[in-house]
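An overview of the molecular structure
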Amino acid sequence: MTDTLHLDKRQRAMLAEMGVRVWSPMSEAAVIDAPAGEIEQPHSFVAASDLAKAEPVPTIIQRPEGIDQMGWSALQSTVSSCQACTLCGARHNTVFGVGALAAEGEAPQVDWLIVGEAPGEEEDLQGEPFVGQAGELLDNMLGAMSLSRTGARKPEGGGVYIANVLKCRPPGNRNPKPEEVAQCLPYLERQVALLKPKMILAMGRFAVQALLRDSVPELEGTPYGKLRGRVYQYQNVPVVVTYHPAYVLRNLPEKAKVWADLCLAMAHLKGSE
Ligand code: URA
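Bear in mind the structure is a predicted one, so any value in this text is a computation, not a measurement.

**Section: the overall build of the chain**
Helix and strand counts for the chain stand at eight helices and eight strands. Going through the 273 residues of the chain one by one, you find that 47% of them count as buried. Restricting the contact set of the chain to residue pairs at least 6 apart, pairs at least 24 apart contribute 69%.

Written out as C-alpha cells, the structure reads:
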C-alpha cells in the first residue's frame, strides 16, 4: 500500500497496536496504514495531522507481587498506577469499579457483582464503569431488580458492585487482547475475593471467558447464547451469564432474554438464603 502519510516505523507500529485506521485528508479514500489482521475491531479514525499528538509508547512495568493478599485500598492504588500493559499509555483514568458506599479502605458489602468488559470512552474520561448508553440500560436493569449502582445492602439484601475485566480502555473500543486480559485479571480476582458477592452477573463474551475459562471446558466451542440459563461458579460464587447491555442496545428484542437471566439470578440468590 502506498505510504501517503509518510509515517515512520514507530508511528506505524503504534497505530497498528492501537487498532487505529489512518485517514488522509489528501485522498478521498480511507487509507488503512496498518498490517492487515492486526486491526481487530477498528472504530476510530485519526487524521494524519493528529499523528503529532500520538502518545509515546508507554514503559511497561511489571505488576507488583502479592495482589492476592492486598486489601481494598492497596488494590485500588495499585490499579490506578498500573503500567503492566500498553493500555496505560492512552488512558485518562483507570476504571476500578463503582458500588455501594463502604467504610474507608474497606470493600463495599454487596450481594451482586456485575462484570463487564472494559471501559469505553466516557468511562475512561470519568473513571467510572458503565456511564454511557450501555450504563443507562444497566441502571434500568438494576432498577427493575430494585437495585442501584450505589445503593447500600439492606437487611433484606442488595448492594451492587460494577467492575470490568479490563481496568483501562482499549483504544477505539477494540476487543481486549489476551495479554491485556492476562495482565488485568488478577485485579478482578482480588476484587471478587474481597467483595465476596453472593451472585456474579457476567455480561458479554469477555467477562464470561475471563470468569469461566478454568471451570467450563466446553466454553470455547459453545455459542455465547447457549451458555445462558445455567448457574456456574467462580471462586465459589454463583455466576449467571447474560448479554452485554451494548449488545442489547443493538438487538432490543434480546431484552426479554436478559430479563429471564436476571430472574434466574434473583431466584438462585433467594433460594440460597
Ligand atoms: N462496557 C463495558 O463492558 N464496561 C463499561 O464500563 C462500559 C461499557
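**Side note on the side chain of Glu 123**
Of note, Glu 123 is situated in helix H3 (residues 121–126). Look at Glu 123: it is buried, it has no salt bridge, and the nearest opposite charge is Arg 169 at 6.9 Å. Contacts of Glu 123, omitting those with residues within four sequence positions, involve Val 95, Glu 128, Pro 129, Phe 130, Val 131 and Gly 132.

**A look at the site of the ligand**
Around the ligand lies a shell formed by Gly 116, Glu 117, Ala 118, Glu 123, Pro 129, Phe 130, Asn 164 and His 244. With respect to the ligand, the backbone of Glu 117 contributes an N or O atom lying 2.7 Å from an oxygen atom. A distance of 3.1 Å separates a nitrogen atom of the ligand from a polar atom in the backbone of Ala 118. Burial of the ligand by the protein chains amounts to 91% of its free accessible area of 240 Å². With respect to the detected pockets, the ligand is housed in the largest pocket.

**Observations regarding the pairing of strand E4 (residues 112–116)**
Within a regular strand, the side chains alternate between the two sheet faces. In terms of burial, E4 is a largely internal element, five of the five residues being buried. Residues of E4 alternate between two faces, with Trp 112, Ile 114 and Gly 116 on one and Leu 113 and Val 115 on the opposite face, all of them buried. Pairing of E4 with strand E5 (residues 160–164), which is carried by five bridges, proceeds in the parallel orientation. Across the sheet, the residue bridging to Leu 113 is Tyr 161, located in E5. The sheet contact formed by E4 and strand E6 (residues 199–203) spans four bridges and is parallel. Within E6, the residue paired with Trp 112 across the bridge is Met 199.

The rules behind each value
- Residues numbered from 1 in each chain as written.
- Predicted model: local features only at pLDDT ≥ 70, side-chain atom pairs only at ≥ 80, totals over all residues.
- Heavy atoms only, no water.
- Helix = DSSP H or I, 4+ residues; strand = E, 2+ residues; numbered from the N terminus.
- Buried < 20%, exposed > 50% of the residue type's maximum accessible area, 1.4 Å probe, protein only.
- Contact = heavy atoms within 4.5 Å.
- Lys, Arg positive; Asp, Glu negative; His and termini not counted.
- Salt bridge = Lys/Arg side-chain N within 4 Å of Asp/Glu carboxyl O.
- Near = heavy atom within 4 Å.
- Polar contact = N/O pair within 3.5 Å; in protein donor to acceptor, adjacent residues only side chain to side chain.
- Areas by Shrake-Rupley, 256 points an atom, 1.4 Å probe, with all protein chains shown as cover.
- 1 Å grid on protein atoms, 1.4 Å probe; cavity = no way out; pocket = protein on both sides within 12 Å on 5 of 7 lines; lining within 4 Å.
- Sits in = over half its atoms within 2 Å of the grid points.
- Pairing = 2+ DSSP bridges.

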